Amino acid sequence: GGPKETVVHDCTGLLVDNTVEGFASALEVMVNNPTKAVEMGRKGNERVAAHFGLGTFRTRWADIVKETVQRGDDRRRRWEQGRGLESKQLFPHWLTCIIEMVMTLLVVLLLTS
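Rules of the game
Residues numbered from 1 in each chain as written. Predicted model: local features only at pLDDT ≥ 70, side-chain atom pairs only at ≥ 80, totals over all residues. Heavy atoms only, no water. Buried < 20%, exposed > 50% of the residue type's maximum accessible area, 1.4 Å probe, protein only. Helix = DSSP H or I, 4+ residues; strand = E, 2+ residues; numbered from the N terminus. Polar contact = N/O pair within 3.5 Å; in protein donor to acceptor, adjacent residues only side chain to side chain. Contact = heavy atoms within 4.5 Å. 1 Å grid on protein atoms, 1.4 Å probe; cavity = no way out; pocket = protein on both sides within 12 Å on 5 of 7 lines; lining within 4 Å. Points joined across faces, edges and corners; volume = space filled by probe spheres on them. Salt bridge = Lys/Arg side-chain N within 4 Å of Asp/Glu carboxyl O.

Engineer: Help me out: how do you make sense of unusual backbone geometry in this one?
Structural biologist: Negative phi is the rule for most residues except glycine; trans is the rule for most peptide bonds. Its identity as a non-glycine residue notwithstanding, aspartate 10 has a phi of 65°, on the positive side. Residue aspartate 10 is classed as partly exposed on the basis of its relative accessible area of 43%.

Engineer: Which parts of the structure should I look at to understand the side chain of threonine 12?
Structural biologist: Note on placement: threonine 12 falls in the loop between helix H1 (3-6) and helix H2 (20-32). On the basis of relative accessible area, threonine 12 is assigned to the buried category, the value being 13%. From its side chain, threonine 12 meets the backbone nitrogen of valine 8 in a polar contact 2.7 Å long. The contacts of threonine 12, once residues within four sequence positions are left out, are Thr6, Val7, Met40, Lys43, Gly44 and Arg47.

Engineer: Where do I start with the layout of surface pockets in this structure?
Structural biologist: Think of a ball as big as a water molecule: rolled over the atoms, this probe shows where empty space is left. If you add up the space inside the largest pocket, you get close to 310 Å³. Taken together, His51, Phe52, Gly53, Thr56, Phe57, Arg60, Trp61, Ile64, Thr104, Val107, Val108 and Leu111 form the lining of the largest pocket. Mapped by element, the contributors of at least two residues to the lining of the largest pocket are helix H3 (34-52), helix H4 (54-80) and helix H5 (93-112). Per-element tally for the lining of the largest pocket: the top contributor is H4, with five residues.

Engineer: How should I be thinking about the pattern of salt bridges in this particular structure?
Structural biologist: Pairing between side chains becomes possible if they bear opposite charge and their charged atoms approach one another. This structure, assessed with the given rule, holds seven salt bridges. Between lysine 36 and aspartate 10 there is a salt bridge, with its nearest N and O atoms 2.7 Å apart. Of this pair, lysine 36 sits in helix H3 while aspartate 10 sits in the loop between H1 and H2, and the two are 26 residues apart along the sequence. Residue classification places lysine 36 among the partly exposed positions, given a relative accessible area of 32%. With a shortest N-O distance of 2.8 Å, glutamate 100 and arginine 75 are connected by a salt bridge. Placement of glutamate 100 in helix H5 and of arginine 75 in helix H4 is noted, with a sequence separation of 25 residues between them. Classification of glutamate 100 by relative accessible area gives partly exposed; the value is 22%. Here the residues in one salt-bridge network are Glu39, Arg42, Lys43 and Glu46, joined through shared partners.

Structural data, given as structure tokens:
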């Protein structure tokens with residue numbers, strides 16, 4: 001992510017060219033319109049809280065865990081019925097589940113560090 005993901009131009013901030021001139025023009029807008037600057041700051045704070053805050057992270061994480069559990073249950077059912085790619089894999093189902101969980105935890109650690 002970055003500014004283009006978090007900033008809505010002229011609503012929660014200003015997206016400008018990555019140049020001295022671009023920065024100077026944005027700074028000029030803010031200095032000449034302090035009310036607008038404060039309003040964009042407020043809206044930006046609200047946007048970050050709504051889209052990137054801890055509550056949103058928790059909800060998205062819970063959804064990922066639910067989906068992972070569901071996929072594991074589906075995989076287990078196919079395995080028990082002798083269907084699906086799992087029955088042809090080199091690793092037994094229980095080892096595949098452990099590997100998948102370790103990979104999920106590694107992704108979480110990378111995202112939260």
